[in-house]
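Coordinate analysis (summary)
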Amino acid sequence: MKPQEISNTLWAFGTLAAKGVEVDVDAVRAVSREAPRVAGEMKPQEISNTLWAFGTLAAKGVEVDVDAVRAVSREAPRVAGEMKPQEIS
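Residues numbered from 1 in each chain as written. Predicted model: local features only at pLDDT ≥ 70, side-chain atom pairs only at ≥ 80, totals over all residues. Heavy atoms only, no water.

Description of the pattern of salt bridges
The condition is simple: Salt bridge, as used here, is a side-chain nitrogen of Lys or Arg placed within 4 Å of a carboxyl oxygen of Asp or Glu. Comment: elements are numbered from the N terminus, with helices defined as DSSP H or I runs of at least four residues and strands as E runs of at least two. To sort residues, take the accessible area from a 1.4 Å probe on protein chains only and compare it with the maximum for the residue type: under 20% means buried, over 50% means exposed, and anything in between is partly exposed.
Tallying each qualifying case throughout the model produces three salt bridges. As a salt-bridge pair, Arg78 and Glu75 come within 2.5 Å of each other at their nearest N and O atoms. Linking Arg78 with Glu75, this pair stays in helix α5 (residues 66-79), spanning three residues, or about one helical turn. Given a relative accessible area of 39%, Arg78 falls into the partly exposed group.

Structure (structure tokens):
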């Protein structure tokens, strides 16, 4: 999967979970495992959306891949200067 595809898919899982829809935990894990591989290629919005998705999933009780969260989080400083206000909030 490409960075945007991973970000969009995780964002969709997060959105579903936020609306009370039960998400397939195995699918979330499978997509999350791809995030560290492409984290260094992610654009600001992809990093923002992915971290939002991880946070939303975790808040809804879905176990998130800690290594994936760390890998994407480490890239935030790289793109912080390029982020638009909506990507920071």
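So, the packing of helix α1 (residues 3-18) against helix α2 (residues 25-32)
Using the following cut-off: With axes taken as lines fitted to C-alpha atoms, and helix axes fitted only over the stretch in contact, angles between N-to-C directions fall between 0 and 180 degrees. By definition in this entry, angles of less than 35 degrees are roughly parallel, angles greater than 145 are roughly antiparallel, angles of 65 to 115 are roughly perpendicular, and the rest are oblique. Left-handed describes a crossing whose near helix is turned anticlockwise from the far helix through less than a right angle; right-handed describes the clockwise counterpart. The contact criterion used is simple: two residues touch if any of their non-hydrogen atoms lie within 4.5 Å. The classification used treats Ala, Val, Leu, Ile, Met, Phe, Trp, Tyr, Cys and Pro as nonpolar, Asp, Glu, Lys and Arg as charged, and all other residues, Gly among them, as polar.
The contact between α1 and α2 brings their axes to 10 Å, and the two run at 155°. One element, α1, and the other, α2, form an angle in the roughly antiparallel class. Considering the relative orientation of α1 and α2, their crossing is left-handed. Contact residues: Ile6, Thr9, Leu10 and Phe13 in α1; Ala27, Val28, Val31 and Ser32 in α2. A breakdown of the residues in the contact of α1 with α2 according to their chemical character gives six nonpolar, two polar and no charged.

Section: α5
For clarity, the cut-off: A helix is expected to span 1.5 Å for every residue after the first. When we speak of the arc, we mean the arc of directions from the helix axis to the C-beta atoms. N or O atoms closer than or at 3.5 Å make up a polar contact, with two conditions inside protein: a donor-capable atom paired with an acceptor-capable one, and, for residues adjacent in sequence, both atoms drawn from side chains.
In this model α5 runs 21 Å from its N-terminal to its C-terminal C-alpha over 14 residues, within 8% of the 20 Å that 1.5 Å per residue would give. All buried positions along α5 are accounted for by Ala68, Ala71, Val72, Glu75 and Val79. For α5, the arc enclosing every buried residue in end-on projection is 90°, short of the 170-degree limit, so these residues lie on one face. Exposed and oriented more than 90 degrees from the buried face of α5 are Arg74 and Pro77. Packed against the buried residues of α5 are α2, α3 (35-38) and α4 (44-59). Two to three positions downstream of the cap, the backbone nitrogen of Asp67 sits 2.9 Å from a side-chain oxygen, assigning the N-cap of α5 to Asp65.

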